[in-house]
Amino acid sequence: MGEVYAESLRQYERVKEIAEDIRSRALACLARVAGGQLLLANPTAFARHEPVLWQGRLESEQVFQGPDGQTLPMQPVELGTLIDPGPLGPLSLQSITLS
């Protein structure tokens, strides 16, 4: 029985690797079409409105701008920078730009 479980674990790991590769390639394609420097995705079927964590730090004069060019509210935190992109519609993408 142990061999069967070991084989199943190897198969699950391979499926996970394939799925992660497909996800990465799909997001890269979407990012090329959407433009911007940071792509926010809402993969759920309902609208969301909460801050997102970018695991980077901004220089003193840098800001993130939404698709309309408006500066987005931001706050530095221990793990990076919280950004409030505003509402993200269901199953949507939003690109934002660092300037």
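Higher on the page you've got the structure.
*Asks:* Looking at this structure, how should I read the overall build of the protein chain?
*Replies:* The secondary structure content of the protein chain amounts to 1 helix and 6 strands. The linear arrangement of helices and strands in the protein chain, starting from the amino end, is α-β-β-β-β-β-β. In terms of C-alpha radius of gyration, the protein chain reaches 18 Å, well past the compact-globule figure of 13 Å for 99 residues. Judged by the C-alpha coordinates and their principal axes, the protein chain covers about 60 × 30 × 25 Å. Of the accessible surface of the protein chain, which amounts to about 7,400 Å², a share of 58% is contributed by carbon and sulfur atoms. Averaged over its 8 positive side-chain charges, the protein chain has a centre that lies 7 Å from the centre of its 12 negative ones.

*Asks:* Any chance you could explain the pattern of salt bridges here in plain terms?
*Replies:* Close approach of charged atoms allows side chains with opposite charge to pair. Scanning the entire structure with this criterion turns up 4 salt bridges. With a shortest N-O distance of 2.8 Å, E7 and R10 are connected by a salt bridge. On the criterion of helical spacing, the pair formed by E7 and R10 is a turn pair, its members being 3 residues apart in helix 1 (residues 2-34). By relative accessible area, which is 52% here, R10 ends up exposed. A salt bridge links R48 to E50, with the shortest nitrogen-to-oxygen separation between them at 2.6 Å. Overall, the relative accessible area of 33% leaves E50 in the partly exposed class.

*Asks:* I tried to follow the nonpolar core on my own but got confused; where do I start?
*Replies:* Across soluble globular proteins, nonpolar side chains have a tendency to be buried as a group. Core analysis: the biggest nonpolar cluster contains 7 residues, these being L38, L40, F64, L72, I83, L88 and I96. Here I96 is in contact with G36, Q37, L38, L40, F64, Q65, G66, L72 and I83, once residues within four sequence places are set aside.

*Asks:* Any chance you could explain the packing of aromatic side chains here in plain terms?
*Replies:* Describing an aromatic ring pair means giving the distance of the ring centres and the angle of the ring planes. Throughout the structure, instances matching the rule amount to 1 aromatic pair. Taking 5.1 Å as the distance between ring centres and 85° as the angle between the ring planes, the aromatic pair formed by W54 and F64 counts as edge-to-face. On the criterion of sequence distance, the pair formed by W54 in strand 2 (residues 52-54) and F64 in strand 3 (residues 64-65) is long-range, its members being 10 residues apart.

*Asks:* How do you make sense of a nonpolar patch on the surface when you look at a structure like this?
*Replies:* Together, L27, L30 and L93 make up a nonpolar patch on the protein surface, roughly 230 Å² of accessible area in all. With respect to the helices, strands and loops of the structure, L30 is situated in helix 1.

*Asks:* I would appreciate a short explanation of the sheet that holds strand 3 in the present structure.
*Replies:* Strand pairing in a sheet relies on backbone hydrogen bonds, with the paired strands running either antiparallel or parallel. Pairing in this open sheet of 3 strands is antiparallel, and the strands run 1-6-3 from one edge to the other. The open sheet terminates on both sides in strands that have one partner only, identified here as strand 1 (38-42) and strand 3. Judged from the 2 bridges that link them, strand 3 and strand 6 (residues 92-98) form a sheet pairing that is antiparallel. Counterpart to Q65 in the pairing with strand 6 is T97. Along the sheet face, helix 1 touches strand 1 and strand 6 and points at about 115° away from the line of strand 1.

The rules behind these values
Residues numbered from 1 in each chain as written. Predicted model: local features only at pLDDT ≥ 70, side-chain atom pairs only at ≥ 80, totals over all residues. Heavy atoms only, no water. Helix = DSSP H or I, 4+ residues; strand = E, 2+ residues; numbered from the N terminus. Rg over C-alpha atoms; globule rule 2.2 N^0.38 Å. Areas by Shrake-Rupley, 256 points an atom, 1.4 Å probe, with all protein chains shown as cover. Lys, Arg positive; Asp, Glu negative; His and termini not counted. Charge placed at Lys NZ, Arg CZ, Asp CG, Glu CD. Salt bridge = Lys/Arg side-chain N within 4 Å of Asp/Glu carboxyl O. Buried < 20%, exposed > 50% of the residue type's maximum accessible area, 1.4 Å probe, protein only. Core = buried A, V, L, I, M, F, W, Y, C linked by side-chain atoms within 4.5 Å. Contact = heavy atoms within 4.5 Å. Phe/Tyr/Trp six-rings, centres within 6.5 Å; stacked < 30°, edge-to-face > 60°. Patch = residues over 30% accessible without salt bridge, like charges linked within 9 Å, V, L, I, M, F, W, Y side chains within 5 Å. Pairing = 2+ DSSP bridges. Axes fitted to C-alpha atoms, helices over the stretch in contact; angles between N-to-C directions.

Structural measurements only, silent on function.
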